[in-house]
Amino acid sequence: CPVSLPAHGTTFEAVTDADALRDQAPPEPRRGPSPRALPMWRMRNLVAVGVAFLLLLLIPIMLLAVSVTAALVGFAVLVVLLIVGILGALRMARVRYRYSSYLVGERQIEVRRGALFQTELIIPYHRVQHVDVSAGPVDQLFELRSLTLVTAASTISGAIAGIEPDEADRVRAVVLARIGQGDAT
């Protein structure tokens, strides 16, 4: 829509933000971890609970030196803690799965995670120095990958965890293609 300035008689074309957005490709949808990440995180959490249980099992064993009753009470408390730990481990994996997402934008990648303590990382592509796709033994068992972005300021380790190998490679390729774009301020 042409606009005329009365003082100068200059005419120019006004471009609104909506016009500029229409010319761009539609943004990618926000994505979450792979469905296979949920059982992987559950397994990791349950292993941690199991290790804690085995370490805490030493307490009732040491209480045997004091009295059998104290040891039985300690063991009963430990069993209750084990049940609560298992339920908590399963729930926390579900919460992590539900509240983890990422968005590959035109100028930056956005990573959200956390329910109680929410974190949102916005990493401009021109700040990224290195992109790494990795898979530890448990990730390999579930055929998943983690994407690590390294910036000048810090390493954002496992910024995107629990994603499919093809998706990890795609995001890595997009980030590498966009590194260096934008201003260097």
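For the structure itself, consult the block above.
Residues numbered from 1 in each chain as written. Predicted model: local features only at pLDDT ≥ 70, side-chain atom pairs only at ≥ 80, totals over all residues. Heavy atoms only, no water.

**A word on the overall build of the chain**
Convention followed: Secondary structure elements follow DSSP: runs of H or I no shorter than four residues count as helices, runs of E no shorter than two count as strands, and numbering proceeds from the N terminus. To sort residues, take the accessible area from a 1.4 Å probe on protein chains only and compare it with the maximum for the residue type: under 20% means buried, over 50% means exposed, and anything in between is partly exposed. Residue contacts follow a heavy-atom distance rule, with two residues in contact if any of their heavy atoms lie within 4.5 Å. Accessible areas in this description were obtained via Shrake-Rupley with a 1.4 Å probe; residue shielding takes into account the shown protein chains only.
Looking only at helices and strands, the chain has 6 helices and 8 strands in total. Taken from N to C terminus, the helices and strands of the chain fall in the order β-β-α-α-α-α-β-β-β-β-α-β-β-α. Residue burial in the chain is summarised as follows: out of 185 residues, 26% are buried. Contacts in the chain between residues at least 24 apart in sequence constitute 52% of all its contacts with a sequence separation of at least 6. Summing over all exposed atoms, the chain offers an accessible surface of approximately 12,000 Å²; the carbon and sulfur share of this is 63%.

**Observations regarding the sheet that holds strand 3 (residues 101-104)**
The following threshold applies: Here, a strand pair is defined by DSSP locating no fewer than two bridges between the strands. Axes here refer to lines fitted to C-alpha atoms; in helices the fit is confined to the stretch in contact. Angles between the N-to-C directions go from 0 to 180 degrees.
Reading across from one edge, 3-4-5 is the order of the 3 strands in this open sheet, with antiparallel pairing throughout. Of all the strands in the sheet, the pair left with one neighbour each is strand 3 and strand 5 (119-124). Direction aside, neighbouring strands of the sheet carry axes that sit 10° apart on average. Across 6 bridges, the pairing between strand 4 (residues 108-113) and strand 5 is antiparallel.

**Let's talk about the nonpolar core**
Condition: To qualify as a nonpolar core, a set must consist of buried Ala, Val, Leu, Ile, Met, Phe, Trp, Tyr and Cys residues joined through side-chain atoms within 4.5 Å.
Formed by 17 residues in total, the largest nonpolar core has its most connected members in Ile109, Ile160, Val171 and Val175. Examining the composition of this core, we find that 4 residues originate from one element, helix 6 (residues 165-178), more than from any other. Excluding residues that lie within four positions of it along the chain, Ile109 makes contacts with Leu103, Val104, Leu121, Ile122, Ile123, Tyr125, Leu149, Ile160, Val171 and Val175. Counting 8 residues, the second largest nonpolar core, distinct from the first, contains Met40, Trp41, Ala93 and Leu144.

**Focus: the pattern of salt bridges**
The criterion, for reference: Salt-bridge detection follows one rule: a side-chain nitrogen of Lys or Arg within 4 Å of a carboxyl oxygen of Asp or Glu.
What the rule picks out here adds up to 7 salt bridges. Measuring nitrogen to oxygen at the nearest pair gives 3.6 Å for the salt bridge that ties Glu167 to Arg31. With a gap of 136 residues between them, Glu167 in helix 6 and Arg31 in the loop between helix 1 (17-23) and helix 2 (37-56) connect regions that are remote in the sequence. According to the relative accessible area criterion, Glu167 is buried, its value standing at 14%.

**Some words on the layout of surface pockets**
A water-sized probe, rolled over the atoms, reveals where empty space remains. Selection criterion: Of the grid points, spaced at 1 Å and generated over the protein atoms alone, those admitting a 1.4 Å probe that cannot get out make up cavities, while open sets with protein on both sides within 12 Å along at least five of seven lines make up pockets; any residue with an atom within 4 Å of a point is treated as lining. Grid points are joined across faces, edges and corners, and a volume is the space filled by probe spheres set on the points. As a working rule, the residues Ala, Val, Leu, Ile, Met, Phe, Trp, Tyr, Cys and Pro are called nonpolar, Asp, Glu, Lys and Arg charged, and the rest polar, with Gly in that last group.
Approximately 150 Å³ is the volume attributed to the second largest pocket. As for the second largest pocket, its lining consists of 15 residues, and the residues nearest its centre are Ser100, Arg113, Ala159, Ile160 and Ala161. Of all the secondary-structure elements, those providing two or more residues to the lining of the second largest pocket are strand 3, strand 4 and strand 8 (155-163). Element by element, the count of residues in the lining of the second largest pocket is highest for strand 8, at 5 residues. Grouping the amino acids of the lining of the second largest pocket by side-chain chemistry returns 8 nonpolar, 4 polar and 3 charged.

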